[in-house]
Amino acid sequence: MSQNSSGTQYPSRRKRRRKKLVVAVAVIVVLLLVISYGTKRVIQTRSWQIAGELVSRVETDEKVVALTFDDGPTDADADAVLDVLEDRDVPATFYVNGKDVEGNPTTMQRIIDDGHEIGNHTWSHRSMAFVSPETVAEEIEPTDEAIRATGYDGPLTFRPPHGKKLLTLPLYLAEHGRLTVTWDVAYEDWSGDPQSTGDLVSATVENTRPGSIILLHPWFGRTATQEAIGPVIDQLKEQGYRFVTVSELIG
Ligand SMILES: [Zn+2]
């Protein structure tokens, strides 16, 4: 402790410096937490990205809805997914992975022949939040090429795996005038707990609104989801909904 002329004691310079250091470290820690929280929000938000146009639903009073299926396709699940749509005469939009397009040409051909829309969901389904511009191009361009090689000549929007994006991906999409499509209705349980088809159907139907984009993952033997497709369509049709592809919904 040092003393002034009146005898009052003040903390030493060393103690004051230590106090300043503690405050500075605390400020840095808080800033890092805010930045990391903000970054996480930017990566995960379904309705906004830093560049390029993104659609998660369409504002409309009309009872119109788009059914979208992510990943795959897989030949083993083709009938379970596509028969139910054919029986009900419902068009859907399939966000496919390049590697599975290449590996399952029969199913790709049926998706196209049945009149569905196709979207790009990257080649390998890797997370696209922290990737170089080269990786973005390597995930998107060969997937476009594989889809076009099947003879598909319709609209080709993009959906990132898990909806994740930060900087390089949106910048690429903006530069290439590419529309990003996410979703506003997704009720599959990814916690690892088994989910009944009934729970999935009721959550999906209850949360669908005019202009909604519904997301389901029916490939790779996901039978609860496969069995939900028919009831979701039937119950929404009963409520007066009409099904369109993503591009038709966006208009
Ligand atoms: Zn996916």
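Read on for an overview of the structure. What you see is a predicted model; the values in this text were computed from it and never measured.

Let us look at the side chain of arginine 159. In this fold, arginine 159 is placed in the loop between helix H5 (133-149) and helix H6 (168-175). For arginine 159, a relative accessible area of 0% puts it in the buried group. There is a polar contact of 2.7 Å between the side chain of arginine 159 and the side chain of aspartate 70. In this structure the side chain of arginine 159 is engaged in a polar contact, spanning 3.0 Å, whose partner is the backbone oxygen of valine 181.

Moving on, we come to the packing of helix H2 (residues 78-88) against helix H4 (residues 105-113). Contact geometry of H2 with H4 gives a least axis separation of 11 Å together with a crossing angle of 10°. Relative to H4, H2 is oriented roughly parallel. Residues Ala78, Asp79, Leu82, Asp83 and Glu86 of H2 touch H4, and the partners they reach there are Thr107, Arg110 and Ile111. Classifying every residue of the contact of H2 with H4 gives 3 nonpolar, 1 polar and 4 charged.

We now examine H4. Among all positions of H4, only Thr107, Met108, Arg110, Ile111 and Ile112 are buried. Looking one or two residues past H4, glycine 115 carries a phi angle of roughly 85°, positive in sign.

Thresholds, definitions, all that
- Residues numbered from 1 in each chain as written.
- Predicted model: local features only at pLDDT ≥ 70, side-chain atom pairs only at ≥ 80, totals over all residues.
- Heavy atoms only, no water.
- Helix = DSSP H or I, 4+ residues; strand = E, 2+ residues; numbered from the N terminus.
- Buried < 20%, exposed > 50% of the residue type's maximum accessible area, 1.4 Å probe, protein only.
- Polar contact = N/O pair within 3.5 Å; in protein donor to acceptor, adjacent residues only side chain to side chain.
- Axes fitted to C-alpha atoms, helices over the stretch in contact; angles between N-to-C directions.
- Parallel < 35°, antiparallel > 145°, perpendicular 65-115°, else oblique.
- Contact = heavy atoms within 4.5 Å.
- Nonpolar A, V, L, I, M, F, W, Y, C, P; charged D, E, K, R; others polar.

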